[in-house]
Amino acid sequence: MNTIEKDFEKDGVILLKDVWKKSEMESIRKEYEFLDKNLKRKEIIKDEPIIVFWKHVVGEQKRICTFGEFPTLWNFVTNTLTPKIREILPNKIEKLQLLETIIFNKPFEKSNTLHWHQDVAYFPLKPNNQIAVWIPFDQVDKKSGALNYAIGSHKEGIKGSTDLHTRKPFDNENRDLIPTDPEQEGYKVQCMEMGPTDMVCHNGYTWHYSGPNKKKGYERRGLSVRFIIQDAKFDPRPGQGAAFTKQLDLKAGDNFEGKPFPSL
Ligand SMILES: O=C(O)CCC(=O)C(=O)O
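Here the structure is a predicted model, which means the values were calculated and not measured.

## A look at the overall build of the protein
Part 1 of the reasoning: Looking only at helices and strands, the protein features 3 helices and 13 strands.
Part 2 of the reasoning: Whereas a compact globule of 264 residues would reach a radius of gyration of roughly 18 Å, the protein reaches 17 Å, a difference of no more than 12%.
Part 3 of the reasoning: Seen through its C-alpha atoms, the protein measures out along the principal axes to roughly 45 × 45 × 40 Å.
Part 4 of the reasoning: When the 264 residues of the protein are sorted by exposure, 55% land in the buried category.
Part 5 of the reasoning: Long-range pairs, those at least 24 residues apart, make up 81% of the contacts in the protein with a sequence separation of at least 6.
Part 6 of the reasoning: Only carbon and sulfur atoms are counted for the fraction: they give 48% of the accessible area of the protein, which is about 12000 Å².
Part 7 of the reasoning: Here the protein carries 41 positive and 38 negative side-chain charges, and the mean point of each set is 3 Å from the other.

## Observations concerning the site of the ligand
Part 1 of the reasoning: Of all residues adjacent to the ligand, which total 13 residues, the nearest are Trp134, His208, Ser210, Arg220 and Arg226.
Part 2 of the reasoning: Here an oxygen atom of the ligand sits 3.1 Å away from a polar atom, N or O, in the side chain of serine 224.
Part 3 of the reasoning: More than half of the atoms of the ligand fall within 2 Å of the grid points belonging to the largest pocket.
Part 4 of the reasoning: Elements with a contribution of two residues or more to the shell around the ligand: strand 4 (97-106), strand 5 (114-117), strand 11 (208-210) and strand 12 (220-228).
Part 5 of the reasoning: By residue number, the principal contributor to the shell around the ligand is strand 12, which donates 3 residues.
Part 6 of the reasoning: In terms of residue class, the shell around the ligand is made up of 4 nonpolar, 5 polar and 4 charged.

## What to know about the sheet that holds strand 9 (residues 189-191)
Part 1 of the reasoning: Read from one edge to the other, the open sheet built from 4 strands follows the order 5-11-8-9, with strand pairing classed as antiparallel. What marks the edges here is a single partner per strand, and that holds for strand 5 and strand 9. Taking the axes of each pair of neighbouring strands and ignoring which way they run, one obtains an average angle of 20° across the sheet.
Part 2 of the reasoning: Bridge analysis of strand 8 (residues 147-150) against strand 9 gives 3 bridges, and the strand direction is antiparallel. When the bridges of strand 9 are listed, tyrosine 149 appears paired with glutamine 190.

## Some details on the state of the cysteines
Each disulfide consists of one covalent bond between the sulfur atoms belonging to two cysteines.
Part 1 of the reasoning: Applying the stated criterion to the full structure yields 0 disulfides.
Part 2 of the reasoning: Cysteine 201 supplies the cysteine sulfur nearest to cysteine 191, a cysteine that is in no disulfide, at a spacing of 18 Å.
Part 3 of the reasoning: When its relative accessible area of 0% is taken as the criterion, cysteine 201 is described as buried.

## Quick look at helix 2 (residues 22-38)
Part 1 of the reasoning: Here helix 2 is 17 residues long and its end C-alpha atoms lie 25 Å apart, about the 24 Å a rise of 1.5 Å per residue gives.
Part 2 of the reasoning: Among all positions in helix 2, only Met25, Ile28, Arg29, Tyr32, Leu35 and Asp36 are buried. Burial along helix 2 is one-sided: seen end-on, the buried residues are contained in an arc of 135°. Residues of helix 2 that are exposed and angled more than 90 degrees away from the buried face: Lys30, Phe34 and Lys37.
Part 3 of the reasoning: Elements in contact with the buried residues of helix 2: strand 2 (50-55), strand 3 (63-66), helix 3 (71-88), strand 4, strand 7 (130-136) and strand 12.

So, how was this worked out
Residues numbered from 1 in each chain as written. Predicted model: local features only at pLDDT ≥ 70, side-chain atom pairs only at ≥ 80, totals over all residues. Heavy atoms only, no water. Helix = DSSP H or I, 4+ residues; strand = E, 2+ residues; numbered from the N terminus. Rg over C-alpha atoms; globule rule 2.2 N^0.38 Å. Buried < 20%, exposed > 50% of the residue type's maximum accessible area, 1.4 Å probe, protein only. Contact = heavy atoms within 4.5 Å. Areas by Shrake-Rupley, 256 points an atom, 1.4 Å probe, with all protein chains shown as cover. Lys, Arg positive; Asp, Glu negative; His and termini not counted. Charge placed at Lys NZ, Arg CZ, Asp CG, Glu CD. Near = heavy atom within 4 Å. Polar contact = N/O pair within 3.5 Å; in protein donor to acceptor, adjacent residues only side chain to side chain. 1 Å grid on protein atoms, 1.4 Å probe; cavity = no way out; pocket = protein on both sides within 12 Å on 5 of 7 lines; lining within 4 Å. Sits in = over half its atoms within 2 Å of the grid points. Nonpolar A, V, L, I, M, F, W, Y, C, P; charged D, E, K, R; others polar. Pairing = 2+ DSSP bridges. Axes fitted to C-alpha atoms, helices over the stretch in contact; angles between N-to-C directions. Disulfide = S-S within 2.5 Å. Expected span 1.5 Å × (residues − 1). Arc of directions from axis to C-beta.

Okay, here's the thing in structure tokens:
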């Protein structure tokens, strides 16, 4: 195991600095800004991978884009991101199957907190082994809504899923919840201040949250790409309302596969 993999095993999250050229994320950001102005689609597309445009504003509906409409992002995911993940986590990755891609946008002041959560609590998979990467389009700090992680929290296993804006548990949720303040439970919480040439990579079990954007004149955008790293079966339960679950045409116990979820 290399040092990065050891740290990833121990902490459940790693921040890597200067992993690609500034121009790569710049062209993605420009294409995003163009699409964001014009994108109206709300309905899910079933037979190809999608990108969810998600504004952190209560009441705002998610919008759906395809990679055909966003070619610079497809190029980045397939030619830059996946080789980079294979390079840094060679022993952790059995495969890189695309699960979902989201661009989170926190407009100044209107945006709110995305509460403590772990990704796997929302995912209908068995085994539930995923990693996610997160990359900001601009420099991001605590004031503008950077991501915060409870270091080592992935070792706690599966937790309950809650509404990310209100923290209300979903109906029929009977699993223990993530504590309101992991720092009080003894966890070190690390704020990932970073820029568009950096990436954070987390284990799907690691607890994280992002605060509101309080930086005037700044729109905080972040690209999140999640991958399944081991063969998995479909294992549905209540509270798993991620957009990709509407792309599924599977029965409980089926292999988790299909056109929206290609192996890269
Ligand atoms: O962009 C954000 O603020 C939230 C990102 C997040 O929670 C995730 O990628 O799982």
